[in-house]
Amino acid sequence: MSQLTSFKFVLDWYLNCQFAGLIWAHERGLYQAAGLDVTLIHPNEYPTTSTLNEVMRHELAAGCMEDNLVVRAALAGKGVRAIGAMLQQTPMVLMTAPDNGIQTLHDLPGRHIGMHADGEHLLRTVLTLHGIDHQQVKISVGGWDLHALINGQLDAVQGYTITEPADLKALGLTPYLIPVRHHQLHPYAQMMFTTTTCIKEHKNVLQSFMNATFEGWRQAMTHKQEAAALVAAVSRDQPDPVVNEQILEAMYPIVVGGYDLERLGILNRGRWERNLATYHQFGMVDRLASFEEVVDNQFTPDHNPQQQIGVN
């Protein structure tokens, strides 16, 4: 057997269902079959630096983070590009109690919302795009937990469909979920990125990694019960396979977006350009970026239609 090529993938969060495709590819030998020895690097392994810097310090590596962070890094001259989206939809939602009268973003004026620091700017921008005066919404940043929604202290709270809805159900509340997005700002999530040097010097290795990763996602989404057990075996955050299966079921539309399992990872140019214009318009970046400045699309199914493992 030929020697495997070492490859690092830097996670921006701890192992749980949001990385089910990578876990499947790692535990079921898809990376090995692709000639790769893949190491998944957890955040606690780089406590004094960022996901971006951790990727940049390795010759053969990629990582994932929010798409706006990739944009900011590219415009700052860091020499990185987005290469594929693990999640076609952002899992960010507002969670409300089903009987408190909040069913859409337009119901938020006059209400009290709890947001994480990384979501406040996004929510204010999305509200403005929907024609809603965000100053009419009371937004508290941090300093709350899920019980603040249950006891009525807050009318809605930021959450991620991969974690908090399941946590709320365990506490006795099945929340109503409101997506935080707009046609002009429709972020991807778990944006996979790497350095331009890695793309230039190791294109074939990157392609093998991407192929195996998205085959892992296809198989995990097709065999959710088995994938749930795999996640439970490696995750301290989500050790319950029954809950994991429910989470993976809810994740399916987030993973595939408007496509199907054969077209995972798509980076739509028009959607990117709308997002980039909005990031600039609302001050998230200091200038308008072009698609080519932040994205290398050659590793996605539109440019590589035979993306599955074992297809030459």
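Residues numbered from 1 in each chain as written. Predicted model: local features only at pLDDT ≥ 70, side-chain atom pairs only at ≥ 80, totals over all residues. Heavy atoms only, no water.

Chemist: Just checking my understanding: could you explain the packing of helix α1 (residues 20-27) against helix α10 (residues 224-234) for this structure?
Modeler: When two helices pack together, their arrangement is given by the angle between their axes and by how far apart the axes lie. The contact between α1 and α10 brings their axes to 10 Å, and the two run at 85 degrees. Here α1 is positioned roughly perpendicular relative to α10, judged by the angle of their axes. Each of Ala20, Ile23, Trp24 and Glu27 in α1 lies in contact with α10, whose residues at this interface are Glu226, Ala227, Leu230, Val231 and Val234. (Axes fitted to C-alpha atoms, helices over the stretch in contact; angles between N-to-C directions. Helix = DSSP H or I, 4+ residues; strand = E, 2+ residues; numbered from the N terminus. Parallel < 35°, antiparallel > 145°, perpendicular 65-115°, else oblique. Contact = heavy atoms within 4.5 Å.)

Chemist: Would you explain the nonpolar core in this entry?
Modeler: Taken as a class, soluble globular proteins show a tendency for nonpolar side chains to be buried jointly. Of all hydrophobic cores here, the largest spans 50 residues; its most connected members are Phe9, Phe209, Trp217 and Met251. It is helix α9 (residues 203-222) that provides the largest number of residues to this core, a total of nine residues. Aside from chain neighbours lying at most four places away, what touches Phe9 is Leu22, Thr39, Leu40, Ile41, Ala62, Gly63, Cys64, Met86, Met192 and Phe209. Among the nonpolar cores identified, the runner-up in size contains 46 residues, and Leu52, Ala74, Met92 and Ile139 belong to it. (Core = buried A, V, L, I, M, F, W, Y, C linked by side-chain atoms within 4.5 Å. Buried < 20%, exposed > 50% of the residue type's maximum accessible area, 1.4 Å probe, protein only.)

Chemist: Sorry, what's going on with the confidence of the model for the protein chain here?
Modeler: Low-pLDDT stretches of the model should not have their predicted coordinates read in fine detail. Across the protein chain, the average pLDDT comes to 94, with 96% of residues at 70 or higher. Note on residues 305-312: pLDDT is under 50 here. Beyond four places in sequence and across chains, it has 17 contacts. (pLDDT = per-residue confidence, 0-100.)

Chemist: How should I be thinking about the packing of aromatic side chains in this particular structure?
Modeler: Geometry of an aromatic ring pair is reported as the spacing of the ring centres plus the angle between the planes. Following the criterion strictly, the structure yields five aromatic pairs and no others. Plain terms: the ring middles of Phe7 and Phe209 are 4.5 Å apart, the flat faces sit at 25 degrees to each other, and that makes the pair stacked. Within this pair, whereas Phe7 is found in strand β1 (residues 5-10), its partner Phe209 is found in helix α9, the two being separated by 202 residues in sequence. Phe209 matches Phe7 in its accessibility class, with the two residues each being buried. Ring plane angle 65 degrees and centroid distance 5.2 Å describe the contact between Trp13 and Tyr14, whose orientation is recorded as edge-to-face. The aromatic ring of Tyr188 is capped on one face by Arg271, whose charged end is 3.7 Å from the ring centroid. (Phe/Tyr/Trp six-rings, centres within 6.5 Å; stacked < 30°, edge-to-face > 60°. Lys NZ or Arg CZ within 6 Å of the ring centre and 35° of its normal.)

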